[in-house]
Amino acid sequence: MEQREDKLKEVISHAKEYGFVFPSSEIYDGLAATYDYGQLGVELKNNIKAYWWKAMVQMHENIVGLDAAIFMHPTTWKASGHVDAFNDPLIDNKDSKKRYRADVLIEEHIEKIRQKIDKEVEKGSKKFGDDFDEVQFRANNPNVVRNKEKIAAIEGRMKDALEHNDLEGVYQLIVDLEISCPISGSKNWTEVRQFNLMFSTELGSVAGDASTIYLRPETAQGIFVNFLNVQKSGRMKVPFGIAQIGKAFRNEIVARQFIFRMREFEQMEMQFFVRPGEEMKWYEYWKSTREKWHKALNLGEKLYRFHDHIKLAHYANAACDIEFNFPMGFKELEGIHSRTDFDLKQHEHYSGKKLQYFDPELNQNYVPFVIETSVGLDRMFLAVLSAAYSNELLEDGTERTVLSIPPALAPYKVAVLPLTKKDGLPEKARAIIDALKFDFNCQYDEKDSIGKRYRRQDAIGTPFSVTVDHQTLEDNSVTIRDRDTMEQVRIPVSELHQVIDSKVNMKHLLN
Ligand code: ATP
């Protein structure tokens, strides 16, 4: 656990030192759970967006994009259920005065039991070696079975309590499980209360004329209210999707884990409209499509797992999360939800406008069902950064910090480094950048020794460094160094474009 916390701390300080992420308004001591993306952060973020947009919108004939306003008519949020039900159950520890999400405390307790199971499995695997049958073991080992039953019982009680808005039941579960505050260690809890997560503000400058509006807590509703606009103007045929990347705002109760949980964050969401009755087929399709998208990044197969929701949201008939093994442990990265026709029907009801599709093949009007995929851009950023960050001990006994960011997402693709600041080497380096910069984000660096410059590029994840030396002036060749292998080879300048492209082109992720 400590090791994990140390890793998060290291990632946070590395992100700050190299210009990826800064605490917001830091000169005023920052603002809780709010961060700014620096000069490298914005590049990485844009590349993640481009990867998502390309895969989801531009490579699907039947998915189009949208950029809806953050402010929406307040009735939108009444219709969507957010005004009445977008709550989290909160609980305070009376000794540490720290506030927690009650459901998260219970989830964390469950996670500890899960870790016990994993340890048991690991022990079994060591004991039986090649003969080990994990599936059998998980089904029959008495300790594993007992712990699985424990988890099922806790999940059952939590689901029941949350579904019936039984806050006393949630409190009792925390008491019965003897959950203590991680800060004070005490079990001295307040009652559990509901807290609405939407930020509200006033619209209009004339006193008395103002009305309450909300900062959107999700981008999805902008898609639903535009469903017919897009369908008609784009002549879209069901099944089709509408995708959007944009800011969302939630007044989170606890926001302590860097950019994992912020009060202002960005979502990449896609709503896929399907025929009623076909939603489960598409739900499975999007689960596997999204899994592939994540795994193509090569951050490590074992870093992902699916988690089915115990308590379904009021609008869903099936839902799961893709969880990622962040430095804080496995946590939600993306949600995939079968939202039924709930949202469109609610907007029909509240607006009095029909939101239906005429299906020419069935010769029938209906309100489509919806499958949603929703991934947090900032959580993707943290997933990439934390998985990419490592301190390597090299053969010569020295250490290097390297960010093995997937090349297509790296802020800079290539650094061009003149060996010295004279003899025309800087000019030659700049001429090389001038030829490459249309296709690749390049960095020029002439300060310090070549070794130090390589380390700097490793630390920001640049896949290639190209060194221009005196031989370059004679035969137009350069050395190109690979970030991951640290190998250096000499190649003609004319081959640079192709060598770099073969590694950094986003095409390789999208196939
Ligand atoms: P959690 O259970 O962690 O609060 P959620 O289930 O409420 O998340 P969704 O409503 O499904 O989240 O939102 C979709 C995605 O938006 C999440 O998978 C996550 O990646 C991202 N997201 C949600 N809340 C935040 C936040 N406060 N900060 C950063 N990203 C967020």
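Reference entry: report on the structure contained in this document. (Residues numbered from 1 in each chain as written. Predicted model: local features only at pLDDT ≥ 70, side-chain atom pairs only at ≥ 80, totals over all residues. Heavy atoms only, no water.)

1. A word on helix α15 (residues 450–460)
Piece 1. Those residues of α15 that fall on the buried side of the exposure criterion are Ile450, Arg453, Tyr454, Gln457, Asp458, Ala459 and Ile460.
Piece 2. Of the residues flanking the end of α15, it is Gly461, one or two places downstream, whose phi is positive at about 85°. (Buried < 20%, exposed > 50% of the residue type's maximum accessible area, 1.4 Å probe, protein only. Helix = DSSP H or I, 4+ residues; strand = E, 2+ residues; numbered from the N terminus.)

2. Re the environment of Ala102
Piece 1. Structurally, the position occupied by Ala102 is in helix α5 (residues 102–128).
Piece 2. A relative accessible area of 0% means that Ala102 is categorised as buried.
Piece 3. For the pair formed by Ala102 and Lys287, sequence separation is 185 residues and the distance between their alpha carbons is 28 Å.

3. Observations concerning the packing of aromatic side chains
Piece 1. Counting across every chain of the model gives 18 aromatic pairs.
Piece 2. Residues Phe224 and Phe273 carry aromatic rings whose centres are separated by 6.3 Å and whose planes lie at 85° to one another, so their mutual orientation is edge-to-face. Taken as a pair, Phe224 in helix α9 (residues 220–225) and Phe273 in strand β10 (residues 264–274) lie far apart in primary sequence, 49 residues in all. Residues Phe224 and Phe273 agree in their burial class; the two are buried.
Piece 3. Through a chain of ring-to-ring contacts, three or more aromatic side chains come together here, namely Phe224, Phe227, Phe240 and Phe273. (Phe/Tyr/Trp six-rings, centres within 6.5 Å; stacked < 30°, edge-to-face > 60°.)

4. Let's talk about the sheet that holds strand β4 (residues 87–92)
Piece 1. Strand order in the open sheet made by the 3 strands is β5-β4-β6, with antiparallel pairing throughout. Each of the sheet's edge strands pairs with one partner strand only, and the pair in question is β5 (99–101) and β6 (193–196). Strand-to-strand twist in this sheet, taken as the mean axis angle between neighbours without regard to direction, amounts to 45°. (Pairing = 2+ DSSP bridges. Axes fitted to C-alpha atoms, helices over the stretch in contact; angles between N-to-C directions.)

5. Focus: the side chain of Arg339
Piece 1. Examined against the element boundaries, Arg339 turns out to sit in strand β13 (residues 329–340).
Piece 2. Accessibility expressed as a relative area gives 0% for Arg339, which makes it buried.
Piece 3. At 2.6 Å, the side chain of Arg339 forms a polar contact with the side chain of Glu372.
Piece 4. Apart from the residues lying within four places of it in its own chain, the contact partners of Arg339 are Glu218, Ala220, Gln221, Phe224, Gln271, Tyr315, Ala316, Val370 and Glu372. (Polar contact = N/O pair within 3.5 Å; in protein donor to acceptor, adjacent residues only side chain to side chain. Contact = heavy atoms within 4.5 Å.)

6. As for the site of the ligand
Piece 1. Around the ligand sit 17 residues, and of these Glu252, Arg261, Met262, Glu332 and Leu333 come closest.
Piece 2. Arg250 has a polar side-chain atom sitting 2.9 Å from an oxygen atom of the ligand.
Piece 3. Contact between the ligand and Glu332: an oxygen atom at 2.6 Å from a side-chain N or O atom of the residue.
Piece 4. For the ligand, whose accessible area on its own is 590 Å², the fraction buried by protein is 87%.
Piece 5. Sorting the residues of the shell around the ligand by element identifies β10, β13 and β16 (369–376) as the ones contributing at least two each.
Piece 6. The class makeup of the residues in the shell around the ligand is 5 nonpolar, 5 polar and 7 charged. (Near = heavy atom within 4 Å. Areas by Shrake-Rupley, 256 points an atom, 1.4 Å probe, with all protein chains shown as cover. Nonpolar A, V, L, I, M, F, W, Y, C, P; charged D, E, K, R; others polar.)

7. Observations concerning the sheet that holds strand β19 (residues 414–418)
Piece 1. Taken together, 5 strands build an open sheet; the order of strands is β20-β19-β21-β22-β23 and the sheet is mixed. Unpaired on one side and paired on the other, β20 (442–444) and β23 (488–492) mark the two borders of the sheet. With direction set aside, neighbouring strand axes in the sheet form an average angle of 25°.
Piece 2. Relative to β20, β19 is paired through 3 bridges, and the arrangement is parallel. Note on β20: the bridge partner recorded for Ala415 is Gln443.
Piece 3. On top of the sheet, α15 reaches β19, β20, β21 (464–468), β22 (477–482) and β23; it is set at about 170° to β19, its chief contact.
Piece 4. Relative to the sheet, helix α17 (residues 493–504) contacts β19, β21, β22 and β23, its axis offset from that of β23 by approximately 125°.

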